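# Chain and residue survey
Single-letter residue listing:
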Amino acid sequence: MNDTTAGTPSEDSRPSQGARELTWPEYIGWGWMIVQARMEADWTGLWDYALPHVHATEETVTNTEAQLGFRLPESYRGFLLTSNGWPCFYQDMTIFSTSDLLGGDLHKAGQIQLELPECVEAMAAGGVIAADHFPVAASLTQIDVALMGKPGTPAEGTVSWVRGEVIERYDDFLDYYLSMMEYNKLDTADIREKDAPK
């Protein structure tokens, strides 16, 4: 088994938005160790698992930004330049690739929360204005979505985890990513406790 806690950021010791101790390749490598530990514990196959995708090129990211009409926030941009998406990185949530940002089934799944009037109203009650956001992670089987604040809006660069209403808000994409990895570690502990072979 991999040790997924040694030398890694904990909830209390994570760097603030301005002080990064690791690079995206290191964060993704650390994240894969956590997902791999959950995969090894999940002997019944409750969830699907996948490696992070190969990085996007600067040209691919720039072309995607041109089609979107804005530059992606740096924390998410840095992720894409290291890994162009990650399927099932937390349960069945997938971090969008550059192509997912522009269309496809995942994009449609992420857009639902931004278009349903009851979701838009519930998000507004939680301080998240739908028109100021775009999806960066979603699921094809659940209603969960991660929404990132568009440049030039009060929410610029922030991420909100939404499931019909706002579940949690994060300073940036790295903050969201680290939080999801902490949830992965909790899931692993739960799986080991509840579903381990007797």
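Figured I'd write up the structure that's included with this text. As the structure is a prediction and not an experimental result, all values here were calculated from the model.

## Comments concerning the packing of helix α5 (residues 105-115) against helix α6 (residues 117-125)
Between α5 and α6, the shortest axis-to-axis distance is 5 Å and the interhelical angle comes to 70°. The orientation of α5 with respect to α6, classified from their angle, is roughly perpendicular. Two secondary-structure elements touch here, α5 through Gln113, Leu114 and Glu115 and α6 through Pro117, Cys119, Val120 and Met123. Here the residues of the contact of α5 with α6 are counted per class, giving 5 nonpolar, 1 polar and 1 charged.

## Comments concerning the side chain of Thr188
One can find Thr188 in helix α7 (residues 173-195). Using a relative accessible area of 5% as the deciding quantity, one classes Thr188 as buried. Contacts of Thr188, omitting those with residues within four sequence positions, involve Ile34, Ala37, Arg38 and Ala41.

## Digging into the environment of Met123
With respect to the helices and strands, the residue Met123 is situated in helix α6. The class for Met123 is buried, based on a relative accessible area of 0%. Look past the residues within four positions of Met123 in its chain and what remains in contact with it is Gln113, Leu114, Val128, Ala130, Leu147, Val162 and Val166.

The rules we used
Residues numbered from 1 in each chain as written. Predicted model: local features only at pLDDT ≥ 70, side-chain atom pairs only at ≥ 80, totals over all residues. Heavy atoms only, no water. Axes fitted to C-alpha atoms, helices over the stretch in contact; angles between N-to-C directions. Helix = DSSP H or I, 4+ residues; strand = E, 2+ residues; numbered from the N terminus. Parallel < 35°, antiparallel > 145°, perpendicular 65-115°, else oblique. Contact = heavy atoms within 4.5 Å. Nonpolar A, V, L, I, M, F, W, Y, C, P; charged D, E, K, R; others polar. Buried < 20%, exposed > 50% of the residue type's maximum accessible area, 1.4 Å probe, protein only.

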